[in-house]
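Take a look at the letters that make up each chain.
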Amino acid sequence: MITSQQMRAARALLGIDQRQLAALASVSLPTIQRMEASDGQVRSVVDTLVKVISALEAAGIEIIGENAQSSGAGRGVRLKETVAGRQPRRVPSVLFDQTAEDDGS
């Protein structure tokens, strides 16, 4: 699954807007807007989710769920637990930016 926050972060890493993501995923702009406007986990038709996730992955984004490990390289971010041991209000995620700059090219 993917969260609306992960979608926005992935677009930011790629430097693309909602219209460009819609074109990459072969879905409509209103579909992307609706997905990103959701709170937490994106809910959509499975085929649409697969198209969006596949488009992001093809563009170089690695989407990693909470507590999952990555075999990829590059920078990433993840929300950590608070001092009290509770998860923050946002859904933890990791997004890796695997660009040519990261591998020394």
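Below or above, wherever it landed, is the structure these notes cover. Keep in mind the model is a prediction, meaning the values are calculated, not measured.

What to know about the pattern of salt bridges
Overall, the coordinates contain two salt bridges when judged by the stated rule. A salt bridge links Arg11 to Glu36; the nearest nitrogen and oxygen atoms lie 2.6 Å apart. In this pair, Arg11 sits in helix 1 (residues 4–14) while Glu36 sits in helix 3 (residues 29–37), placing the two residues 25 residues apart along the sequence. As far as the burial class goes, Arg11 and Glu36 line up, both buried.

Section: the packing of helix 2 (residues 18–25) against helix 3
Pairs of packed helices are described in terms of their axes, by the angle between the two and the distance that separates them. Interhelical geometry of helix 2 versus helix 3 gives an angle of 115° and a closest axis separation of 8 Å. On the basis of their axis angle, the class for helix 2 and helix 3 is roughly perpendicular. At the point where helix 2 passes helix 3, the crossing takes the right-handed sense. Side by side, helix 2 and helix 3 meet where Gln18, Arg19, Leu21 and Ala22 of the first sit next to Leu29, Ile32, Gln33 and Glu36 of the second. The residue makeup of the contact of helix 2 with helix 3, split by class, is four nonpolar, two polar and two charged.

Some remarks on the nonpolar core
Ile2, Met7, Leu21, Ile32, Met35, Val52 and Leu56 are the most contacted members of the largest nonpolar core, which totals 17 residues. Those elements that place two or more of their residues in this core are helix 1, helix 2, helix 3, helix 4 (46–58) and strand 1 (61–64). Tallying contributions element by element places helix 4 first for this core, with four residues. Those residues in contact with Met35, other than ones at most four positions away along the chain, are Ser4, Met7, Val42, Ser44, Thr48, Leu49 and Val52.

Details of helix 3
Taken residue by residue, helix 3 has Leu29, Thr31, Ile32, Met35 and Glu36 as its buried positions. The buried residues of helix 3 occupy an angular sector of 160° when projected down its axis, which confines them to one face. Of the exposed residues in helix 3, the ones pointing more than 90 degrees away from its buried face are Arg34 and Ala37. The inward-facing, buried residues of helix 3 abut helix 1, helix 2 and helix 4.

About the criteria used
- Each residue is numbered by its place in its chain's sequence as written, counting from 1.
- Confidence filtering applies because this is a predicted model: local features only for residues at pLDDT of at least 70, side-chain atom pairs given and counted only at 80 or more, and all residues used for totals across whole chains, interfaces and linings.
- In computing side-chain properties, one takes all heavy atoms of the structure into account and sets aside hydrogens as well as water.
- Any Lys or Arg side-chain nitrogen found within 4 Å of a carboxyl oxygen on Asp or Glu counts as a salt bridge.
- In DSSP terms, a helix is any run of H or I states spanning at least four residues, a strand is any run of E spanning at least two, and both are numbered starting from the N terminus.
- Burial classification: accessible surface area is computed with a 1.4 Å probe over protein chains only, and a residue below 20% of its type maximum counts as buried, one above 50% as exposed, and the rest as partly exposed.
- To get an axis, a line is fitted to the C-alpha atoms, and for a helix only the part in contact is used. The angle between two axes follows their N-to-C directions and goes from 0 to 180 degrees.
- Roughly parallel covers angles under 35 degrees, roughly antiparallel covers those over 145, roughly perpendicular covers 65 to 115, and oblique covers all other angles.
- Take the far helix as the reference: if the near one is turned anticlockwise from it by less than a right angle, the crossing is left-handed, and if turned clockwise, right-handed.
- By the convention used here, residues are in contact when the closest approach between their heavy atoms is within 4.5 Å.
- Just so you know the grouping, Ala, Val, Leu, Ile, Met, Phe, Trp, Tyr, Cys and Pro go in nonpolar, Asp, Glu, Lys and Arg go in charged, and all remaining residues, Gly too, go in polar.
- In plain words, nonpolar cores are sets of buried Ala, Val, Leu, Ile, Met, Phe, Trp, Tyr and Cys residues tied together by side-chain atoms within 4.5 Å.
- By arc we mean the arc of the directions from the helix axis to the C-beta atoms, nothing more.

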